[in-house]
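Here are the chains, one letter per residue:
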Amino acid sequence: MSLDLSRDDSIVTPPNEGRWQLWIDRGGTFTDIVAQRDGGEIIVHKLLSQNPERYADAAIQGIREILGLPVGSPIPSAQIAAVKMGTTVATNALLERKGDRTLLLITQGFRDALRIGYQNRPHIFARQIVLPEMLYERVIEVEERYTVEGEERTSVQIDAALVTSLQTAYADGIRSCAIVFLHSYRYPDHERQVAAIVGAIDFTQVSVSHQVSPLIKLVGRGDTTVVDAYLSPILRRYVEQVAAELGAETKLLFMQSHGGLTDARLFQGKDSLLSGPAGGIVGAAKTSAMAGFNKIIGFDMGGTSTDASHFSGGEYERSFETEVAGVRLRSPMMSIHTVAAGGGSLLSFDGSRYRVGPESAGADPGPACYRRGGALTVTDCNVMVGKVQANFFPKVFGADGTLPLDAEIVRQKFAELAQEIAQNSLNLLAPEVLLEIFNHLFRAIAEEMGVTLQNTSLSVNIKERLDFSCALFDQQGQLVANAPHIPVHLGSMSESVLSLIEAQGDTLKPGDVYLSNNPYNGGTHLPDITVITPVFLANAAPLFYLASRGHHADIGGITPGSMPPHSTTIAQEEILLDNRQLVDRGQFREAELLEWLTAGEYPARNPAQNVADLQAQIAANERGAAALKQMVAHYGLETVQAYMQHVQENAEASVRRAIGVLSDGRFIYPTDEGSQIQVSIQINAHDRSAHIDFTGTSPQTLSNFNAPLAVCKAAVLYVFRSLVDDDIPLNAGCLKPLEITVLEGCLLNPHFPAAVVAGNVETSQAIVNALYGALGILAASQGTMNNFTFGNDRYQYYETICGGSGAGADFDGADAIQTHMTNSRLTDPEVLELRFPVLVESFAIRGDSGGQGRHKGGNGVIRQIRFRSAMTAAILSGHRVVPPFGLQGGAAGAIGRNWVQRSTGEIELLGSRAEVTMQPNDLFVIETPGGGGFGQYPYVNDTRDF
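Only a predicted model underlies this, so the values are computations on that prediction, with no experimental measurement involved. Position numbers for residues start from 1 in each chain and track the written sequence from start to end. Totals for whole chains, interfaces and linings use all residues, but because this is a predicted model, local features are given only for residues with pLDDT of at least 70 and pairs of side-chain atoms are given and counted only at 80 or more. Side-chain metrics in this entry use all non-hydrogen atoms of the structure; hydrogen atoms and water are not considered.

### Concerning the overall build of the chain
And then number 1: Under the DSSP-based scheme used, a helix requires at least four consecutive residues in state H or I and a strand at least two consecutive residues in state E, with every element numbered from the N terminus. If you tally the helices and strands in the chain, you get 20 helices and 41 strands.
And then number 2: As a reference, a globule follows 2.2 Å times the number of residues to the power 0.38, and the radius of gyration itself is taken over C-alpha atoms. In terms of overall dimensions, the chain is globule-like: its C-alpha atoms have a radius of gyration of 30 Å, near the 30 Å expected for 946 residues.
And then number 3: Principal-axis analysis of the C-alpha atoms places the extent of the chain at approximately 90 × 70 × 65 Å.
And then number 4: Exposed residues in this analysis have more than 50% of their type's maximum accessible area, buried residues have under 20%, and partly exposed residues fall in between, with area computed by a 1.4 Å probe over protein chains only. Every one of the 946 residues in the chain was classed for burial, and the buried ones make up 58%.
And then number 5: When contacts within the chain are restricted to residue pairs at least 6 apart in sequence, long-range pairs at least 24 apart make up 70% of them.
And then number 6: Here, Shrake-Rupley sampling with a 1.4 Å probe gives the accessible areas, and only protein chains in the shown set may cover a residue. When the accessible area of the chain is evaluated, it comes to approximately 36,300 Å², of which 50% is carbon and sulfur surface. By definition, residues are in contact when any of their heavy atoms lie within 4.5 Å.

### Details of the sheet that holds strand 33 (residues 787-791)
And then number 1: Strand order in the open sheet formed by four strands is 34-33-37-40, with antiparallel pairing between adjacent strands. Across the chains shown, the open sheet's two edge strands, defined by having one partner strand only, are strand 34 (796-799) and strand 40 (913-918). Across this sheet, the average inter-strand angle for adjacent strands is 10°, counted without regard to direction.
And then number 2: Strand pairing is assigned whenever DSSP detects at least two bridges linking the two strands. In this sheet, strand 34 lies alongside strand 33 in antiparallel orientation, the contact comprising four bridges. Of the residues in strand 34, the one forming a bridge with phenylalanine 788 is glutamate 799. Lines fitted to C-alpha atoms define the axes, with helix axes restricted to the stretch in contact, and inter-axis angles between N-to-C directions lie between 0 and 180 degrees.

### Remarks on the packing of helix 1 (residues 58-67) against helix 7 (residues 218-246)
And then number 1: Where helix 1 meets helix 7, the closest approach of the two axes is 10 Å, and the angle between their N-to-C directions is 20°. Between helix 1 and helix 7, the angle is such that the two are roughly parallel. Crossing hand, helix 1 versus helix 7: right-handed. Of helix 7, the residues touching helix 1 (which contributes Ala59, Ile60, Ile63 and Arg64) are Tyr238, Val242, Glu245 and Leu246. Each angle is binned into one of four classes, with values under 35 degrees roughly parallel, values over 145 roughly antiparallel, values of 65 to 115 roughly perpendicular, and all other values oblique. Helix crossings get a hand from a simple test, with the near helix turned counterclockwise from the far one by less than a right angle marking a left-handed crossing and a clockwise turn marking a right-handed one.

### With respect to the environment of leucine 22
And then number 1: Here leucine 22 is to be found in strand 1 (residues 20-26).
And then number 2: In sequence terms leucine 22 and isoleucine 42 are 20 residues apart; their C-alpha atoms lie 9.9 Å from each other.
And then number 3: When sequence neighbours within four positions are dropped, the list of residues in contact with leucine 22 reads Ile33, Val34, Ala35, Ile63, Ile66, Ile80, Ala82, Val83 and Lys84.

### Focus on the pattern of salt bridges
And then number 1: Each salt bridge in this description consists of a side-chain nitrogen of Lys or Arg and a carboxyl oxygen of Asp or Glu lying within 4 Å of one another. Under the defined criterion, the tally for this structure stands at 36 salt bridges.
And then number 2: The shortest N-O distance in the salt bridge between arginine 237 and aspartate 100 comes to 2.5 Å. Residue arginine 237 is found in helix 7, and its partner aspartate 100 is found in the loop between helix 2 (89-95) and strand 5 (102-107); the two are separated by 137 residues along the sequence.
And then number 3: Overall, the relative accessible area of 43% leaves arginine 237 in the partly exposed class.
And then number 4: Take aspartate 100: its relative accessible area is 15%, and that puts it in the buried class.
And then number 5: For aspartate 922, the salt bridge identified is with arginine 902, shortest N-O distance 2.8 Å. Linking aspartate 922 in the loop between strand 40 and strand 41 (923-927) with arginine 902 in the loop between strand 38 (897-901) and strand 39 (907-910), this pair joins segments that are 20 residues apart in sequence.
And then number 6: Beyond isolated ion pairs, a larger network of salt bridges with shared partners links Lys217, Glu321, Arg330 and Glu464.

### As for unusual backbone geometry
Excluding glycine, residues mostly have negative phi values, and the peptide bonds linking residues are mostly trans.
And then number 1: Following phenylalanine 752, the chain continues to proline 753 via a peptide bond in cis, the omega torsion being 10°.
And then number 2: Note that proline 753 resides in the loop between strand 32 (738-741) and helix 19 (757-775).
And then number 3: Residues other than glycine seldom take positive phi values, yet lysine 217 does so here, at roughly 105°.
And then number 4: Note on placement: lysine 217 falls in the loop between helix 6 (209-212) and helix 7.
And then number 5: Unlike most non-glycine residues, arginine 688 shows phi in positive territory, near 55°.
And then number 6: Within the secondary structure, arginine 688 sits in the loop between strand 30 (676-684) and strand 31 (689-693).
And then number 7: Owing to a relative accessible area of 37%, arginine 688 belongs among the partly exposed residues under this scheme.

### Some thoughts on a nonpolar patch on the surface
And then number 1: Residues form patches when they are more than 30% accessible in relative terms and have no salt bridge. Like charges link within 9 Å. Nonpolar side chains (Val, Leu, Ile, Met, Phe, Trp, Tyr) link within 5 Å. Taken together, the side chains of Val433, Leu434, Ile437 and Tyr635 define a hydrophobic patch exposed on the protein surface, amounting to about 300 Å² of accessible area.
And then number 2: Looking at which element gives the most residues to the nonpolar patch, the answer is helix 11 (residues 430-456), with three residues.
And then number 3: Mapped onto the secondary structure, valine 433 falls in helix 11.

### Details of the nonpolar core
And then number 1: To qualify as a nonpolar core, a set must consist of buried Ala, Val, Leu, Ile, Met, Phe, Trp, Tyr and Cys residues joined through side-chain atoms within 4.5 Å. Core analysis: the biggest nonpolar cluster contains 109 residues, and Phe788, Phe790, Phe867 and Phe924 have the highest contact counts within it.
And then number 2: Counting residues per element, this core draws most heavily on helix 7, at 13 residues.
And then number 3: The contacts of phenylalanine 790, once residues within four sequence positions are left out, are Tyr795, Gln796, Tyr797, Leu832, Phe836, Val838, Phe867, Met871, Thr872 and Ala873.

### Quick notes on the packing of helix 18 (residues 709-722) against helix 19
And then number 1: Contact geometry of helix 18 with helix 19 gives a least axis separation of 9 Å together with a crossing angle of 40°. The angle between helix 18 and helix 19 falls in the class oblique. Crossing hand, helix 18 versus helix 19: right-handed. Here helix 18 contributes Val711, Cys712, Ala715, Val716, Tyr718, Val719 and Ser722 to the contact with helix 19, which in turn contributes Gly759, Asn760, Ser764, Ile767, Val768, Leu771, Tyr772 and Leu775.

### Some points on the sheet that holds strand 12 (residues 261-263)
And then number 1: A sheet is described by the order of its strands in space; here six strands give the open sequence 3-2-1-4-11-12, paired in mixed fashion. In this open sheet, the two edge strands, each paired with only one partner strand, are strand 3 (42-48) and strand 12. Between one strand axis and the next, the sheet turns by 20° as a mean value, whatever way the strands run.
And then number 2: In this structure, strand 2 (residues 30-37) lies alongside strand 3, joined through seven bridges in antiparallel fashion.

### What to know about the packing of aromatic side chains
Any pair of aromatic rings gets described here by the distance separating the centres and the angle formed by the planes.
And then number 1: Aromatic rings from Phe, Tyr and Trp, taking only the six-membered ring of Trp, are treated as a pair when their centres fall within 6.5 Å; an angle between ring planes under 30 degrees marks them as stacked, one over 60 as edge-to-face, and anything in between as tilted. Counted by the stated rule, this structure contains 23 aromatic pairs.
And then number 2: Where phenylalanine 790 meets phenylalanine 867, the ring centres are 5.3 Å apart and the plane angle is 80°; that geometry is what we call edge-to-face. Separated by 77 residues along the polypeptide, phenylalanine 790 in strand 33 and phenylalanine 867 in strand 36 (residues 860-867) bring together distant segments of the chain. Pair check on accessibility: phenylalanine 790 and phenylalanine 867 agree, each one buried.

### So, the side chain of threonine 928
And then number 1: Assignment of secondary structure puts threonine 928 in the segment after strand 41.
And then number 2: A polar contact is formed between the side chain of threonine 928 and the backbone nitrogen of valine 861, at a distance of 2.8 Å.
And then number 3: Look past the residues within four positions of threonine 928 in its chain and what remains in contact with it is Gln782, Asn786, Ile801, Cys802, Gly803, Arg846, Gly860, Val861, Arg880 and Gly896. Here a polar contact is taken to be a pair of N or O atoms separated by no more than 3.5 Å, where protein atoms must pair a possible hydrogen donor with a possible acceptor and residues adjacent in sequence count only if both atoms sit in side chains.

### A few points about helix 7
And then number 1: Take the residue count of a helix, subtract one, and multiply by 1.5 Å to get its expected span. Under the 1.5 Å per step criterion, the end-to-end length of helix 7 is 40 Å for 29 residues, consistent within 8% with the ideal 42 Å.
And then number 2: Bend angle per residue: angle between axes fitted to the 7 residues ending at that residue and the 7 residues starting there. Its axis deflected by about 35° at leucine 231, helix 7 carries its strongest bend there, up to four residues before the proline proline 233.
And then number 3: For helix 7, a buried count of 22 out of 29 residues is recorded, marking the element as mostly surrounded by other parts of the structure.

### Comments concerning the pairing of strand 10 (residues 205-208)
And then number 1: The pairing of strand 9 (residues 176-180) with strand 10 spans four bridges and is classified as parallel. Directly across from serine 176, in strand 10, lies its bridge partner glutamine 205.
And then number 2: In this fold, strand 9 hands off to helix 5 (residues 189-200), which returns the chain to strand 10; that crossover is right-handed. When the strands point away from the viewer and the connection leading from the first strand across the helix to the second strand turns clockwise, the crossover is called right-handed.

### Regarding the environment of arginine 330
And then number 1: In this fold, arginine 330 is placed in the loop between strand 17 (327-329) and strand 18 (333-334).
And then number 2: Put simply, arginine 330 and glycine 313 are 17 residues apart on the chain and 25 Å apart in space, counted from C-alpha to C-alpha.

### Description of the pairing of strand 30
And then number 1: With six bridges connecting them, strand 29 (residues 665-670) and strand 30 associate as antiparallel partners. Of the residues in strand 30, the one forming a bridge with phenylalanine 667 is valine 679.
And then number 2: With five bridges connecting them, strand 30 and strand 31 associate as antiparallel partners. Within strand 31, the residue paired with glutamine 682 across the bridge is histidine 691.
And then number 3: The loop that links strand 30 with its antiparallel partner strand 31 comprises four residues; one of these, arginine 688, has a positive phi angle of about 55°.

### Considering the confidence of the model for the chain
And then number 1: Here pLDDT means the predictor's own confidence in every residue, given as a number from 0 to 100. Taken as a whole, the chain shows an average pLDDT of 91; of its residues, 96% reach a score of 70 or greater.
And then number 2: Contacts from residues 1-16, a stretch scored under 50 in pLDDT, to residues over four places away or in other chains number 40 contacts.
And then number 3: Note that pLDDT drops below 50 for residues 940-946; the model gives that stretch 19 contacts with residues more than four away or on any other chain.

Shown next, in the form of structure tokens:
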């Protein structure tokens, strides 16, 4: 029989024949049940997932209502053949951080490896860096170590100290344990030995990484193992609760994140996070196939989130690396894109326009129409406009769960909101909606380009560290939108595009692609190679430009890795490429490219890798061009070009609003090299513009800390974009309210042939700190990228290393995070050791390195790399002499340190810039600076106060 859910008496006792099959989706807001009795008609039922006044669990209550049983009465298991269920229990526990207390056991030297992760910050323009809290409560380091080849360098030390630490954790009430050892995905013996000890102490949940996620990458595998330990007990208790109500004879199956069902007894935390949405994809695909459709887009708006998916008729699309609620996971999952906006997302008015989310009313109290005292939400909007009608919605509300949605309270609340809006005389226009759409469409194209570049590249630098950027430009070469990649790239790429237009604009043809890395013509430093693709339609001239900039692991020069600490001219940094044609009307000029890469006194050491990465950059641009052409086909060229201008105008208006609350300021910023950056900022309150004047900055130097003008402009653009709280793309409009004065021949606008390799990575950070200092709004972050390179004729590697971020007037700095002009990731230690003959000895947060203050600066890190082969290593860094400043009485952060411990035990101290020969078993140690504090702290007694 079918049920009419709009009726008050919709739940009736079905005929007492046959056994039931029940399919349940327990969502965050509603629980939906589909039931069928031995081939009979389908029954559909819905109830609130959380209604504590009426029942303890929605799934069990729904079954009782379908069977016509009173609340609390036993469920006759003999009448139920199977229950198949998708649940958000684990997902909600993760979102709300309500899992079980968890202990992490990890290889000695890596206690902070999961906290640091890949060192990139979530939002590149956020001055206050907010990181998700860790799921584990306590860490114990275990002395043990395998190499990537399986050599047992240190046998696992199960001693009295380890056992005592485990017993103490157990005595303190911790019952879940995650065990994560380096290279255990290949060599699990150490994990097995320690797991036996943990089990003997009677921990009730022991998750070991080689079983949970037997894949390379310590960080992803470690996070997945911690998630499993954190959530499995919650899940087990819920499963046992449901199973107990159903009886042991009932077959109970749960949907897993990858779309397959598993027995309730085998359901694990790591496989539960997309349980409900995964079932949605399977159901949508099967249902659509029955209707004759095999290519579908799934859209599931729930109460607290919305899930989008794609199915093209073949295999289900799955991802193996996912981030859920700020936690990295390496486990097969349905490819689902989730946004934190659903029917329960709160509606508000910010004084200029409607806003939705990110806050949610959740299931309790829920939207206003749920009769639980909630505020206006998206669901209420749908009630107001008639898309959700109370008469056709289940009557599950009110104290007894029998009332319909309350449409009257919705009308009352909207009347109040309309009165508020009328007082602000706002006209909501359709173009504002389109502006938001095009903001995201343009940015999505750049993001698609980035995914293509990562997937098709060869080098660790681009594939693992993501040291690249992609962007979209208008017909005039002005930046329209970018993906959230590397700020120093994004703000300077338009200079390269403008350079190409000026040099080759009249000769460009469809199918042409150019490359450039000339720092004196829009580039940053030579390893950053920009690939530019003009986009033609039916016109004779390009209508758009797409560009991807990647940091190549080596482009020649006097040092492997092309980041020489002691270069004095750009010729020593090799190889300079100025608007060279890489593709000629569709033909890749590989022979010419190889000739360029191998010419000169210091040629590229791995030209094959350069070629592969450049081909990946070409592919990324091609992907962007295809997406852009699809956009033009859908919206029309005139509309697309118009909104390219509108998004820039919107960015300009946003920056002007931010400037309107600023005051004049001045700052002098000394560097380790003995130079200074001087900046004054004058605010024009009348038109809300700013003049940024770097007069007084030191002349260009014989070192390589000279920053090309494009880098200086990128730093200014980044700072003023970071003052805007709205989610707008970084584009050329942000620069329009700004006048920048930089004298020729100074440190920030050098003449050829000055060396510039450190100007991009070090001086750019100094410019940003100086600007924030002049504005008086943010203490100095670590102010360096800590550029570390090593290699020989066979290997070349480059990384930048995180440090502490600066504190602000109302927030602390963050520990161990990339700041300001970079956001590149760090290669996972297992991948690094697989690709290069080194051992990551340890990687940890450097305690007490952040400056004290009312708000404390973030801490830096300590990174130790042991060499297994002879190689040249180099460090190019800053703030090893001058500490990162504090503001308003806050103390400076600790300076960084670089040193080498030889295999003999001898210590060799290094300066900000150093190049050394490393022999087998030598150890290179880098301690990065902390961020400055903000505001006077009563107990500050620190000679570092700057």
